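Notes for the structure review
Read off the chains here:
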Amino acid sequence: MEPFLLQKEQNGCGLLYIKGWLEKDSGLTAGFTSRLGGVSEHPFGSLNCGLHVQDVPGHVVNNRQLLAEALHAQLNDCTYAEQVHGNEVEVITKEHAGAGIHSREEAIQSKDAFITNQTGIFLHALFADCVPLYFYDPIHRAIGLAHAGWKGTVLQIAKATINAMQSEYGTHPEKMLAAIGPSIQGCCYEVDEVVLTRVREVMAELEIDNEAAGKYCSIYEYLGNYKYKLSLQQLNRQIMIKAGIMPQHIEISSLCTSCRTDLFFSHRKEGGKTGRMAAWIGLYE
Ligand SMILES: [Zn+2]
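Residues numbered from 1 in each chain as written. Predicted model: local features only at pLDDT ≥ 70, side-chain atom pairs only at ≥ 80, totals over all residues. Heavy atoms only, no water.

**Focus on the pattern of salt bridges**
For the record, the criterion: Salt bridges are defined by distance alone: a side-chain nitrogen of Lys or Arg within 4 Å of a carboxyl oxygen of Asp or Glu. Secondary structure elements are defined from DSSP: runs of H or I of at least 4 residues count as helices, runs of E of at least 2 residues count as strands, and each element is numbered from the N terminus. Each residue's exposure class comes from its accessible area (1.4 Å probe, protein chains only) as a fraction of the maximum for that residue type: buried when under 20%, exposed when over 50%, partly exposed otherwise.
One pass over the full model with this rule turns up 9 salt bridges. Linking Arg-104 and Glu-82 is a salt bridge whose minimum nitrogen-to-oxygen distance equals 3.0 Å. Of this pair, Arg-104 sits in the loop between strand S5 (89-91) and strand S6 (113-116) while Glu-82 is found in the loop between strand S4 (78-79) and S5, placing the two residues 22 residues apart along the sequence. A salt bridge links Arg-198 to Glu-201, with the nearest nitrogen and oxygen atoms 3.7 Å apart. Of the two residues, Arg-198 and Glu-201 both sit in helix H5 (residues 193-206), 3 residues apart, roughly one turn of that helix. Note on Glu-201: relative accessible area 45%, which makes it partly exposed. Shared partners join several salt bridges into a network, and the residues in it are Glu-88, Glu-90 and Lys-111.

What follows is the structure in structure tokens.
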């Protein structure tokens, strides 16, 4: 069953919640924005949350405010970052509150993963096809969020985030939950030999089998002409399993951002001129 469920908020914005997690812990909020219900205009229509895509900055801040309002959070308690397709993890505390909400200069710089065990702070990362990874340790009540495009995926940002939660909060990977959010899926994600070489290197290093997820769910498939279909979702899932997360504790969205431009922004499908969705996770005070 699809773990990310779309809900239309009272203020009009459309948000997808990781329903199963919120049922387990009512003090947790985690999900992904759709493109619905914001104030931005074409090609950012309409809930664009990214300041770096030539949208009107005031519209973006307005959209981020709508999101915060729907989450019953203050925009000043949110954090946004300048992501660089790396694998560095920032430990977030109350001191980061409000980072990057109004400007890129004040954002957390050069980080793609965020962890915290503090309440009242809401981590955000931005996406338009790349893969959002969510982590939740119910024992130590710690959370994490990572941005994994193909580069972050092969740099094993999933493992880096899990390791950081282990060392900072004493998280046991076998007790934690993970979710892989809406993103471009194998149906639409074609890559070349350069990308696939890096994928094969990681798979060899971690001893991941291409058919690890089952016969009809391979990580990559050859299309001919030096092109491949790649499932970043399945690769991230295997990296999580190798880092100690139990397979049954990992939920994967089946929503493809490129197939569903009615719901999502897609960098590939829309030729780079589009908005960004926000993934968020936070613990209420
Ligand atoms: Zn697709």
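**Thoughts on the sheet that holds strand S8 (residues 131-137)**
Rules: Paired strands, in this sense, are two strands between which DSSP finds at least two bridges. Fitted lines through C-alpha atoms serve as axes, helices being fitted only where they are in contact, and the angles separating the N-to-C directions of these axes extend from 0 to 180 degrees.
Pairing is mixed across the open sheet formed by 6 strands, whose spatial order is S5-S6-S9-S8-S10-S14. The strands lining the two open edges of the sheet, one partner per strand, are S5 and strand S14 (250-252). Looking at each pair of strands side by side, their axes are set apart by 15° on average, direction ignored. Bridge analysis of S5 against S6 gives 3 bridges, and the strand direction is parallel. The partner of Glu-90 across the bridge, within S6, is Phe-114.

**A word on the packing of aromatic side chains**
Keep this limit in mind: Between 30 and 60 degrees the pair is tilted, below 30 it is stacked and above 60 it is edge-to-face, where a pair is any two Phe, Tyr or Trp rings, Trp via its six-membered ring, whose centres lie within 6.5 Å. Put simply, a charge is over a ring when the Lys NZ or the Arg CZ is close to the ring centre, within 6 Å, and near the line of the ring normal, within 35 degrees.
Using the criterion set out here, one finds 8 aromatic pairs in the structure. On the basis of an interplanar angle of 50° and a centroid distance of 5.9 Å, the ring pair of Phe-32 and Phe-264 is categorised as tilted. With a gap of 232 residues between them, Phe-32 in strand S3 (residues 28-33) and Phe-264 in the loop between S14 and strand S15 (277-283) connect regions that are remote in the sequence. Here Phe-32 matches Phe-264 in class, with each residue buried. Cation over ring: Arg-64 sits above Tyr-80, and NZ or CZ is 3.6 Å from the ring centre.

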